There are 4 protein chains.
Amino acid sequence: MHRFKVGVLGATGAVGQKFVEILDAHPWFEIAVLAASERSAGRPYGEAANWIGSKPIPRTVADMQVVEATPGIDCDFVFSGLDASVAGQLEADFARAGYPVISNARNFRMQDDVPLLIPEINPDHTALIESQDWGSNGYIVTNPNCSTVGLTCALRPLMDAFGVELVQVVTMQALSGAGYPGVASLDALANVVPYIGGEEEKMSTEPQKLLGRLVDGRVEAASFQVSAQCNRVPVLDGHMECISVKFRGDVGVEDVRRAYLGFRSPIASYQLPSAPKKLFQVFEDPRFPQPRRHAEHGNGMVVSVGRIRPCEVLDVKFVALVHNTVRGAAGGAVLNAELLIEQGYLKHRKVDAAALA
Amino acid sequence: MHRFKVGVLGATGAVGQKFVEILDAHPWFEIAVLAASERSAGRPYGEAANWIGSKPIPRTVADMQVVEATPGIDCDFVFSGLDASVAGQLEADFARAGYPVISNARNFRMQDDVPLLIPEINPDHTALIESQDWGSNGYIVTNPNCSTVGLTCALRPLMDAFGVELVQVVTMQALSGAGYPGVASLDALANVVPYIGGEEEKMSTEPQKLLGRLVDGRVEAASFQVSAQCNRVPVLDGHMECISVKFRGDVGVEDVRRAYLGFRSPIASYQLPSAPKKLFQVFEDPRFPQPRRHAEHGNGMVVSVGRIRPCEVLDVKFVALVHNTVRGAAGGAVLNAELLIEQGYLKHRKVDAAALA
Amino acid sequence: MHRFKVGVLGATGAVGQKFVEILDAHPWFEIAVLAASERSAGRPYGEAANWIGSKPIPRTVADMQVVEATPGIDCDFVFSGLDASVAGQLEADFARAGYPVISNARNFRMQDDVPLLIPEINPDHTALIESQDWGSNGYIVTNPNCSTVGLTCALRPLMDAFGVELVQVVTMQALSGAGYPGVASLDALANVVPYIGGEEEKMSTEPQKLLGRLVDGRVEAASFQVSAQCNRVPVLDGHMECISVKFRGDVGVEDVRRAYLGFRSPIASYQLPSAPKKLFQVFEDPRFPQPRRHAEHGNGMVVSVGRIRPCEVLDVKFVALVHNTVRGAAGGAVLNAELLIEQGYLKHRKVDAAALA
Amino acid sequence: MHRFKVGVLGATGAVGQKFVEILDAHPWFEIAVLAASERSAGRPYGEAANWIGSKPIPRTVADMQVVEATPGIDCDFVFSGLDASVAGQLEADFARAGYPVISNARNFRMQDDVPLLIPEINPDHTALIESQDWGSNGYIVTNPNCSTVGLTCALRPLMDAFGVELVQVVTMQALSGAGYPGVASLDALANVVPYIGGEEEKMSTEPQKLLGRLVDGRVEAASFQVSAQCNRVPVLDGHMECISVKFRGDVGVEDVRRAYLGFRSPIASYQLPSAPKKLFQVFEDPRFPQPRRHAEHGNGMVVSVGRIRPCEVLDVKFVALVHNTVRGAAGGAVLNAELLIEQGYLKHRKVDAAALA
């Protein structure tokens, strides 16, 4: 396969760096453009980015010159790791200029004609692309908030098998979710912060869109209620979620366990490079999953589930763990792009360089 | 007032050390005996105890010789910081030998004739002492599990004002709750362990006894349901609890806030030295409370409440913070003893040393 | 004694908050003015300061209105917790306006006529005040960098007893030393940063001034060499220092231990409220001192020493621990002010309010 | 190449687990036997080992049955991750029974006829094997203490180029170096422990043997002095070392940098699978190296060096970082085995099973 040339918007930030790390080893994609703010433009990426990962900055990108994130860059499509404060304007600009935008930002997630996408959960929602009209071939596809991803994946098999009515979730979220510099160490070390701005709202509304049905080209949101309480804890990577669910019928612990073990991904046959063999890893040891030990499993794309047990208030409670910067951000967006290619939405782009110049 | 001579059982352990720290500065009590296992007996306390606190070991006790924890020690009553593996036998032995035993261990908590006591919550439950029969003047009084304390205190004003039907609680508990050496650092650092053996069971059953009514000399347990999910997080002191409550009637956020602000402690008039002026500290800043910042407030005896807001699934949700080794353990037991003195249950004891010898 | 009215410059910052905490309970001082940048001016202190301490913000100051830090404020003298970026200008302005300035900032530390002061180490250096000429009664006195304090205190008894020739020091410094927000949590958690800007230079030059002799109204710097390597580690409070010393003569481990145990503070007879009974606490247990356990000892004003043993390269090596925000910053400055009062340099000030207006 | 069948002694412990992780992906080796104490024998490895790594336990070993660590197991040679308390006896037993023992334990390191080996540093020291006489074909080869490895690698180019006279080293060591459960979390979190039993002695004596010359079949220890101060810090993996060196001649910062950049590994031509392309990674950014960011570089086999600068007391100082459980333990031992194969010391073994039975 001829590799796709991709641009990364917001390439120097925390999410942008994760995009770079994942794309560097990707069989289908090739980083063609690293774009960031005017301040970084013109500098080598290795200098402009304060590389925070524990793997080395890929040699192939360290010397690439960062360009300003404006339409006109030469690539087949863009990944956006832009901050929400600028993503609204810039992503629209790119879409209008004809670029497919695979975004991790929150700005367009809840817009009716924009897919909010997790390939294993709602691959058919990409059909919304067809109702977008940017006056060009461009469009926007988004992935959910990092903590939403864990919850929504965990709900999918339960909803399919039993129907879900009520959901209580309390998160313990990693520091990397706040970007860099993010949380001050005096707030983080040996502490819990019981508040993450905007997070609970996202967790209460995004899952219903993700788990909604596509009817006549629109998403009919699923109708369950979610109550979320979000906490920041001193963990590097991996959001833990304590979840309790009330089902539409009579459902027990064994039913839930079987639902996870028996889950068939609707995209299993596509063989997408970033898709884990199994979406769920189910633990029997009551001490597991744990972020330090298990967040990296399945290259950070698996959702780990454990401690499935009866709930005295709703029906069943359990714990889920998701890698927030991989499955919950850059890795999820890359998988979205893979799905779009499989479905024919992403193609090599003929850029009329002259016209853009 | 003539000071009471107290013995501390399990004095070298983590809870025992907190007893020593609190008692050292106490106006009513004087440490007469430091008792521990045979292994520590005969050694100076400063040597036998691997002092883990951040305040210096009190000079007055550093050189005291540790004795074996067996009845016969010369004191008015004993505090027990014994491990559950030995507390069942030893506390019964002390009670039979005529000692009042103010215990932090779990062994007798749910026994019908043993008070499970938080002075601000159920001071009248001490009446159960009268139905105990150890063939002596001895008796046992217990305080609840550390995480139960935070939850139960938080529920009291709500139950009084509105009635409580369902409770969801997810805890993020400090490392000090596991004693010393407790949790291995490779399990604790930058990690969350979603399991604490026995903790969820305690949180699901102890609150109903604590909030039960005393009827004809017995406690009629309150009838609400509690679902608990308990996690260990890398925090030194202070258990955080995300709580969601369904009430018996129509109750809103402002009602709950007023219930905390207006709470009148039933023991306010007693002026007990360890009782905080106000049991509750209510935060409006959504980032608060936090364990590192607020666990020590009110000398660790205050319960902090914050983020009171509507719950999409039950009625109202909020966060509570309790200092697990003070209010949730040694400090709570000391306050229990103060209440027992005020109520006339604890008296200076005439020990017939000859008879015991 | 009539209490001194003090102003705190930079009151909302991390050091300023520590000043407020210490001064609130101080027998000689009364906070008259809380001064900060224009941005905070006019707001209640409790709102303007993002209080980071684990003790509650003192009630008496929470509602005080912050004023802009400019000469004209009504107080006997000022403590400066200003950031170095503004301290140079502002402290000079206050000195010119006639205020004694007791500063924690680095700007004037190495100026010839400014005392760099640790009361137990070089109390006579206050005589430098007399050579300052700000065209007013004002003057500036400084305390050293937080890590310098631990090292210099540790060297004083050794220099007095044996003479010091060479010093190697490697620090492991707490996060609170970087202020707030300071170090990003992704840099701090489970990590070591082997660099603290400017710190090694301060540690290599300040001790020689502190341990210098006052000759003809000037300080003759001591002549030993210091090599410092400074690291940031994930600790909340307390700087650890691994120190190795070469002496002028033949000195052994026992000599060093005796030097610490026998150290007589030159200000012992003054009974200053913030001075610890003994400057040094010497540990025999090889695991000690440790920041979490021992930094708070002596209200954070004691210097802890341990692991005294022979050095295979220089003569003797050992570990020292100092509380960086107390003895190493605000507490040290408060003790400086106490010394200045004792020596007659600080007096109640007649402010001609009209003239200043 | 026909793969070697290897046995892992102490397979369930922390070092044993790292052996298993590294060997699972190894091109030359195949885990034939997992041996541990009697207590674990007979259980599946996945159950017997409390797997602490962040990568999943390899599927191929999870179901292997653990056997007791006694001679008779069927393999070409053994890796020993045994605890020092049993390694002395057991490793000798295996050597006598004819097994090559590639050990990470400390017991035989300083024995005259046992190679203490880092392939890039002293590959010729394997010649010592020839003077071992266990009455069989067996022998023992050891790798150094984890913190010694970083120091010794860092010294090799300097010794070759300039000669080394004096070395000061202060370590900040990761928790994983203490095994599991190892350090209690209440000692580790937000703390520094300035003592690691036996560590300073190893760092003061092992480097001289490692850097010694082989003369007439014996190692003549190098003659420089090392003074070590060892600290435990709350880091997961990666030992940081602050090193200061006095050379035999006049040596500056640039000379040292060039020595690292120009270092040629004596085993470069062997193409051993675990050997990094370059032993040293040299950082110019003063904030680097850091354990969280850089310990995993080069699959944990690279030694990172940074902050090379003049020392005011000796000549030059700098920081080195080594992955303690990979390069400093299991990875180092695996590289030792690779070298022994290349040199012809390790061969496929004909085990006379009947004779052993």
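The shown structure was predicted, so the numbers you read here are calculated from the model rather than taken from an experiment.

Draft legend 1. The arrangement of the packing of helix H1 (residues 14-24) of chain C against helix H10 (residues 326-342) of chain C in detail. Residues and elements named next belong to chain C. Packing of H1 against H10 brings their axes to within 9 Å, and their N-to-C directions diverge by 55°. By the angle between their axes, H1 is oblique relative to H10. Helix-helix and strand crossings are classified by hand; for H1 and H10 the assignment is right-handed. Two secondary-structure elements touch here, H1 through Val-15, Lys-18, Phe-19, Ile-22 and Leu-23 and H10 through Val-326, Ala-330, Gly-331, Ala-333 and Val-334.

Draft legend 2. Geometry of the interface of chain D and chain A. Facing the 16 residues of chain D at the interface are 16 residues of chain A. The largest contributions to the chain D side of the interface with chain A come from D:Ser54, D:Arg292 and D:Arg293, which together make up 38% of the buried area. Applying the counting rule to chain D against chain A returns 6 residue pairs in polar contact (both at pLDDT 80 or more). Across the side of chain D that touches chain A, the residue classes break down as 7 nonpolar, 4 polar and 5 charged.

Draft legend 3. Just the relation of the copies chain B and chain A, in detail. Of the transformation superimposing chain B on chain A, the axial component is 0.0 Å and the angular component is 180°, with the fit at an RMSD of 0.0 Å. On this basis, the relationship between the two copies can be described by a two-fold rotation axis. The overlap is high: 100% of the interface residues of chain B also sit at the interface in chain A, so the same surface is used on both sides.

Draft legend 4. Focus on the relation of the copies chain D and chain A. Each copy of the sequence occupies a distinct position, and chain D is placed on chain A by a rotation of 180° and an axial shift of 0.0 Å, giving an RMSD of 0.0 Å. Counting the interface residues of chain D, we find that 100% of their copies in chain A are interface residues as well, pointing to one common contact surface.

Draft legend 5. Structural view of the packing of aromatic side chains. Residues and elements named next belong to chain A. Under the definition given, this model contains 56 aromatic pairs over all chains. Between Tyr-260 and Phe-280, the aromatic rings sit 4.9 Å apart at their centres with planes inclined by 65°, giving edge-to-face as the arrangement. Note that Tyr-260 is positioned in helix H8 (residues 253-261) and Phe-280 in strand S12 (residues 280-282), a separation of 20 residues in sequence. Each of the two residues, Tyr-260 as well as Phe-280, counts as buried. By the ring-pair criterion, three or more aromatic residues cluster together here, those being Phe-4, Phe-19, Phe-29, Phe-77 and Phe-79.

Draft legend 6. Structural detail: the interface of chain B and chain A. With 48 residues of chain B at the interface, the matching set in chain A holds 48 residues. When residues of chain B are sorted by the area they lose upon contact with chain A, B:Pro194, B:Gln229 and B:Val313 head the list and together hold 16% of the total. In this structure, the connection of chain B to chain A is made through 6 salt bridges. Where chain B touches chain A, the interface holds 22 residue pairs in polar contact (both at pLDDT 80 or more). Those elements giving two or more residues to the side of chain B that touches chain A turn out to be strand S7 (164-173), helix H6 (185-188), helix H7 (199-210), strand S10 (225-232), strand S11 (239-247), helix H9 (291-294), strand S13 (303-310) and strand S14 (316-322) of chain B. Counting residues per element, the side of chain B that touches chain A draws most heavily on S10(B), which supplies 7 residues. Residue composition of the side of chain B that touches chain A, by class: 30 nonpolar, 9 polar and 9 charged.

Draft legend 7. Layout of the sheet that holds strand S6 (residues 139-142) of chain B. All names here are of chain B. If you walk across this open sheet you meet the 6 strands as S3-S2-S1-S4-S5-S6, and the pairing is parallel. Whereas interior strands pair on both sides, the edge strands pair on one side only; in this sheet they are strand S3 (67-68) and S6. Bridge count between strand S1 (residues 4-9) and strand S2 (residues 29-36): 6 bridges; the pairing is parallel. Bridged to Val-6 within S2 is Ile-31. Packed onto the sheet, helix H1 (residues 14-24) meets S1, S2 and strand S4 (77-80) and runs at close to 160° relative to S2.

Draft legend 8. Helix H1 (residues 14-24) of chain D, seen in detail. Inspection of H1(D) places D:Gly16, D:Gln17, D:Lys18, D:Phe19, D:Val20, D:Glu21 and D:Leu23 among the buried residues, and these make up the whole buried set. Where H1(D) is buried, its residues meet strand S1 (4-9), strand S2 (29-36), helix H2 (45-48), helix H3 (59-62), strand S4 (77-80) and helix H10 (326-342) of chain D.

Cut-offs applied
Residues numbered from 1 in each chain as written. Chains lettered and ligands numbered in written order. Predicted model: local features only at pLDDT ≥ 70, side-chain atom pairs only at ≥ 80, totals over all residues. Heavy atoms only, no water. Axes fitted to C-alpha atoms, helices over the stretch in contact; angles between N-to-C directions. Helix = DSSP H or I, 4+ residues; strand = E, 2+ residues; numbered from the N terminus. Parallel < 35°, antiparallel > 145°, perpendicular 65-115°, else oblique. Left-handed = near helix turned anticlockwise from the far one by under 90°. Contact = heavy atoms within 4.5 Å. Buried area = accessible area lost by both parts, 1.4 Å probe. Polar contact = N/O pair within 3.5 Å; in protein donor to acceptor, adjacent residues only side chain to side chain. Nonpolar A, V, L, I, M, F, W, Y, C, P; charged D, E, K, R; others polar. Least-squares fit on C-alpha atoms with pLDDT ≥ 70 in both. Phe/Tyr/Trp six-rings, centres within 6.5 Å; stacked < 30°, edge-to-face > 60°. Buried < 20%, exposed > 50% of the residue type's maximum accessible area, 1.4 Å probe, protein only. Salt bridge = Lys/Arg side-chain N within 4 Å of Asp/Glu carboxyl O. Pairing = 2+ DSSP bridges.

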